[in-house]
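An overview of the molecular structure
One-letter residues, chain by chain:
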There are 2 protein chains.
Amino acid sequence: MTHFFREKLKERGLKVTPQRVAIYEAIVNLKNHPTAENVIEYIKTNHPNISVGTVYKVLDSLVENELLKKVKTEKDIMRYDAILSNHHHLYCIETERIEDYEDENLNVLISNYFKNKKIKNFKVQDIKLQITGKFNK
Amino acid sequence: MTHFFREKLKERGLKVTPQRVAIYEAIVNLKNHPTAENVIEYIKTNHPNISVGTVYKVLDSLVENELLKKVKTEKDIMRYDAILSNHHHLYCIETERIEDYEDENLNVLISNYFKNKKIKNFKVQDIKLQITGKFNK
DNA sequence: TATCCAAAAGATAATCATTCTTATTTAGGA
DNA sequence: TCCTAAATAAGAATGATTATCTTTTGGATA
């Protein structure tokens with residue numbers, strides 16, 4: 001489970017520390033794109049000695065090294081995503097819920113569209129849909 | 001210019017104050033989806049007495065009343081958008097630049113796609129593209 | 001036009017997520 | 001096992017945002 005993660009750390013020249021593993025596992029296990037605070041709360045049970053500053057620092061370095069992604073939101077609280085494959089996000093208009101949305105047909109549709117339609121003065125690297133609406137349950 | 005804005009305020013039962021007008025004009029005139037701080041700096045010249053708290057409060061109430069929108073970002077600093085029509089955003093991977101991207105064909109393409117393809121347990125209200133990449137200049 | 005009052009603004013203190021600093025610990029190579 | 005740069009812990013500092021409390025004012029009413 002964490003093998004992929006450990007290997008990636010080594011690739012990047014980062015040391016494999018229990019803190020990093022615990023924080024990464026927290027992001028993976030916590031659904032709904034957790035905040036730093038969610039992570040701190042989650043790891044408290046099994047790793048009560050990990051300090052708050054460490055959590056922030058580890059999250060930052062994992063984003064920088066492309067092991068996590070930040071999720072764009074309208075809030076001033078940062079949220080993180082462990083899924084690196086191409087996917088989109090469903091944002092609830094009423095709550096803070098954010099779900100992943102994977103749709104290969106959609107990816108193809110959009111990437112085909114932008115093959116022909118270039119945006120002037122802009123080189124596209126990635127396209128994500130920000131789908132806002134309401135969950136039924 | 002601000003006629004639309006004044007009317008909208010009245011519709012919503014909000015008082016038309018010089019502060020609200022100045023802050024709205026700042027958002028409209030400042031390109032690149034300004035932060036509260038950008039607004040404070042901008043209005044300082046002509047309205048040196050508007051307090052910081054007022055700027056935040058006005059921005060919040062304008063968002064709540066659908067006269068402005070918040071822009072989703074990966075930063076903990078909020079940014080605002082005065083354009084209410086359906087459009088997308090180009091995010092620079094290297095700087096904080098965010099540009100609007102309007103593309104009616106794209107809107108049609110996507111809305112057609114989601115006419116057939118329903119997302120289970122989710123009622124779509126709005127779809128925006130987050131296009132990340134690099135500006136040429 | 002003057003009066004009135006709820007809404008809005010001003011001033012500033014408080015909050016809280018995040019960052020920084022410094023001392024201590026540790027992963028992992030030699 | 002030793003060594004050292006990297007990582008962590010603890011807690012102070014920062015900075016955007018929010019809250020509080022007093023004063024001012026837009027605009028409805030008389």
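Below is a short write-up of the structure. Counting starts from 1 at the beginning of each chain's written sequence and moves along it residue by residue. Starting at A for chains and at 1 for ligands, labels are handed out in the order in which the entities are written. The predicted nature of this model means local features are confined to residues of pLDDT at least 70 and side-chain atom pairs, given and counted, to a pLDDT of 80 or more, with totals for whole chains, interfaces and linings taken over all residues. Hydrogens and water are ignored here; the side-chain numbers use all heavy atoms of the structure.

Here chain A sits on chain B after a turn of 180° about the axis and a move of 0.0 Å along it, with an RMSD of 0.1 Å. Here the transformation between the copies is reduced to the relation of a two-fold axis. By C-alpha distance to the rotation axis, the residue of chain A lying nearest is D76 of chain A, at 2.0 Å. Throughout, a residue-residue contact means that at least one pair of heavy atoms, one from each residue, lies within 4.5 Å. A share of 100% of interface residues in chain A that are also interface residues in chain B marks the association as one of identical surfaces. The copies were overlaid with a least-squares fit restricted to C-alpha atoms from residues scoring a pLDDT of at least 70 in each copy.

Another aspect to go through is the sheet that holds strand β5 (residues 122-135) of chain B. One open sheet holds the six strands; their spatial order is β4(A)-β3(A)-β5(A)-β5(B)-β3(B)-β4(B), and the pairing between them is mixed. Pairing within the sheet leaves two strands with one partner each, and these edge strands are β4 (98-101) of chain A together with β4 (98-101) of chain B. Pairs of neighbouring strands in the sheet enclose a mean axial angle of 30°, with direction left out of account. Examined bridge by bridge, strand β3 (residues 88-92) of chain B and β5 of chain B share four bridges and lie parallel to one another. Across the sheet, the residue bridging to L90 of chain B is I131 of chain B, located in β5 of chain B. Lines fitted to C-alpha atoms define the axes, with helix axes restricted to the stretch in contact, and inter-axis angles between N-to-C directions lie between 0 and 180 degrees. What counts as a helix is a DSSP run of H or I of at least four residues, what counts as a strand is a run of E of at least two, and both are numbered from the N terminus. The strands that helix α5 (residues 104-116) of chain A touches are β3 (88-92), β4 and β5 (122-135) of chain A together with β4 and β5 of chain B; relative to β5 of chain A, the one it contacts most, it runs at about 140°. Set on the sheet, helix α5 (residues 104-116) of chain B makes contact with β4 and β5 of chain A together with β3, β4 and β5 of chain B; between it and β5 of chain B the angle comes to about 140°. Whether two strands pair comes down to DSSP finding at least two bridges between them.

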